[in-house]
Every structure is written in C-alpha cells, then in structure tokens.
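Chain and residue survey
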Amino acid sequence: MMAPRFPSPATRRTAAAALAVACGLVLSACGSSDDDSSSGGSAGKGGATTVIDATGAKVKVPTAPERVVTLSEMDLDSALALGVKPVGLTAGRGQKGAPEYLSAQAEGIPVVGAVTGPDIEKVVQAEPDVILAGQTADEQVLAQLKKIAPTVVTIDGGKSWKKSLELTGQALGRSDEAKKLLADYDTRAAALKKDLGARAGATVSVARYSAKGTAVMQQGVFISDVLNDLGFERPGIQNKKGEGHSTPISDENLKEIDGDWLFIGTLSSAGPDADLLDQLAEKPAYRRLKAVRDKHATVIDGSKWTSLGGAQAAVSVLDDIRKAMVK
C-alpha cells in the first residue's frame, strides 16, 4: 500500500490562509472536527503513523515531522530534549518568550501564543506539519488547529511530564529517545535519593514570589511529582492538590511556606522581578522562617521549578537539589 499522502506545503499554505479568513480568527466561527485530525499538514519524510493523544483521539501524524509547533512549556521542553527545534512556541508564564531555563535553546523560535492560548494566525504562518497542543481543551480552538495540521493534545488531567514525554516521543517519531531520557532521569533520581541519606525524608517547600505576593506549589504539578520521586515530605497544604497551578499565600500566612528546606524563586531573573526576592528577604515574617534561619533556603529558577516542567527541567531540578542538600 502507498503511504498516506498529505497536501503539499503550497497547498497547506493556501488552505491555512483560507481557514484564517473563513474563521476571521474568531474562535466561535469554526466547528468541531473528527477525532482523526489528519486533515492538515504535510507528510514530512517517510509517510505517516497514528498516535493516541491525551484525550484518547486518534491522530495521524508524519513519521518524521519537520515543522513542529509547541503550544505549552512542557511541549517545548520535551521537543528540545528529543532533539527537535520547533518552528513556533507559546510564551512561558510570566515570559515574553520561552521559559528562562530554555531561552538559549529556543533562541530564534517565533512566539505563536501565550499560556492563555495560541494566536491562530501566527500558527498558520509557522506552517507546521504537527502541532503539539499541550493541555488545550477548548474544542473550538482545537478544531481550528486541526484544520492547520495534525494536532496532538499531549498533557492529560494528571499533568504527568513523564506520560507527556512518552506521547511526544511517539508524535515526533522519537520514542526510543524518550525512553532513554526517562531511564536517565530514573537513574539520576535514585542516585540522588541515596546520596541524600537521612535528608531524603526531609520536609521540602517550594514557593514562587511575584509582585502579587507568594504562592506555593501543591500536589498535581510537575515539581511535586519530582519531589515525590525523591521521597520528600511536604509542609501543610503542599500535601494536598490545589485548585490551580499554584496557591497564593498572604504575608500574614507566610509560615505556610516553611519547611526543613525551602526552594523559592521568581519566573524571571530580569525586568520587574529582578529585585523581588531581595524585598522578600527583608520581611520579618520571612526572616523568622525555620528554613531561612537554618540557612536552608535556596533561590531557584521559577520558570523551571514552578511551571509545567518537562524532561530537561526534571533533570536540572535534581541537580539543583543535589547542590543545595547533598554535603
């Protein structure tokens, strides 16, 4: 049998442009499509294959996609870790471009959206042959994306970076590479847990600071999964699943971020966030924290620790913890 054929790049551009005009870039203008989202894109090299995405939809994708658009921080981390440089990305939370920890690798990649969602016109202009849609749930947005190129929702309700990496590996034809990354992480995590000794059972708190105040990371997010792999305890409400990605804490309740060890950071080390941690360090409530008094408070890159994460973020977090806690 002949390999499935996709429209040529020129045909795709024409169709995508027609879509943008027809939709008027208004979400309500496009209806839903079938689960098998194979109507857009080009075949890349070597035909096509079918993957089951995080929603259970069957998606026909090129076996070796050449133009990948990533619509979440986790998708960007995963694609780069797998050796694929996307042709479009969505800005990280609190960022104008890629998350700070990925900025060097992502240099030159056009921004096609934000955490709140993609800019459909910019996605069209990127001419993707595969779209990694992160945790996009809006059916109208997904319908528009599927008209542009095969679209894979990569993040399920559990937001597991490991499951997402495996699925991304399948979508990009790099399953073996994904397995190697996961094996490397497991090896590193086991070694770190051993080297931590008694400290592997310590209570570890993770917080993010911004102009709006302090927030803690509860269960069900990337960093909590990594800390659970290491056997750490978490203080207070950090043992429970939060309603959102992070949970605000008032200055009056700053003790909620205390623990045997505290890792705290901002989303950016530059711009308006640059001096925020210095301001926090002057607050009497912060200086009274046990972790601060014991000199167990470590400043971290919030774009890495407190965003959606991914394979590269996970390994780098292990390195940060080793540096801070292994003596």
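Residues numbered from 1 in each chain as written. Predicted model: local features only at pLDDT ≥ 70, side-chain atom pairs only at ≥ 80, totals over all residues. Heavy atoms only, no water.

Another point: the sheet that holds strand 9 (residues 204-210). Taken in spatial order, the five strands make up an open sheet running 11-10-9-12-13, and their pairing is mixed. Of all strands in the sheet, those bounded by a partner on one side alone are strand 11 (247-249) and strand 13 (297-301). Pairs of neighbouring strands in the sheet enclose a mean axial angle of 35 degrees, with direction left out of account. With four bridges connecting them, strand 9 and strand 10 (residues 213-216) associate as antiparallel partners. Bridge assignment links A207 to a residue of strand 10, and that residue is V216. With respect to the sheet, helix 12 (residues 311-325) is in contact with strand 12 (261-266) and strand 13, its orientation differing from that of strand 12 by roughly 130 degrees. (Pairing = 2+ DSSP bridges. Helix = DSSP H or I, 4+ residues; strand = E, 2+ residues; numbered from the N terminus. Axes fitted to C-alpha atoms, helices over the stretch in contact; angles between N-to-C directions. Contact = heavy atoms within 4.5 Å.)

What follows concerns the nonpolar core. W161, I223, V226, F232, F263, I321 and M325 are the most contacted members of the largest nonpolar core, which has 57 residues in total. Beyond its immediate stretch of four places on either side in the chain, W161 contacts M74, L182, Y185, F222, V226, G310, A311 and A314. (Core = buried A, V, L, I, M, F, W, Y, C linked by side-chain atoms within 4.5 Å. Buried < 20%, exposed > 50% of the residue type's maximum accessible area, 1.4 Å probe, protein only.)

It is worth spelling out the sheet that holds strand 8 (residues 151-152) at this point. Taking strand neighbours across the sheet as the criterion, the six strands line up as 6-5-4-3-7-8 in an open arrangement whose pairing is mixed. Since the sheet does not close on itself, it has two edges, and those belong to strand 6 (117-118) and strand 8, each with one partner. When strand 5 (residues 111-114) meets strand 6, the two strands line up antiparallel, connected through two bridges. In the sheet register, A114 faces strand 6, and the bridge partner there is G117.

Right, let's get into the packing of aromatic side chains. As enumerated under the stated definition, the model contains two aromatic pairs in all. On the numbers, 4.9 Å between centres and 85 degrees between planes, the contact of W161 with Y185 is edge-to-face. Remark: Y185 occurs in helix 6 (residues 175-196) and W161 occurs in helix 5 (residues 161-171); sequence separation between them is 24 residues. Across the pair, exposure class does not vary: W161 and Y185 are buried alike. Aromatic side chains F263 and W305 sit 4.7 Å apart centroid to centroid with 20 degrees between the ring planes, which places their arrangement in the stacked category. A residue pair is termed long-range when its members are at least 10 positions apart, and F263 in strand 12 and W305 in helix 11 (residues 302-305) qualify at 42 residues. This pair shows no difference in class: F263 is buried, exactly as W305 is. (Phe/Tyr/Trp six-rings, centres within 6.5 Å; stacked < 30°, edge-to-face > 60°.)

Nothing here speaks to function; it is all geometry.
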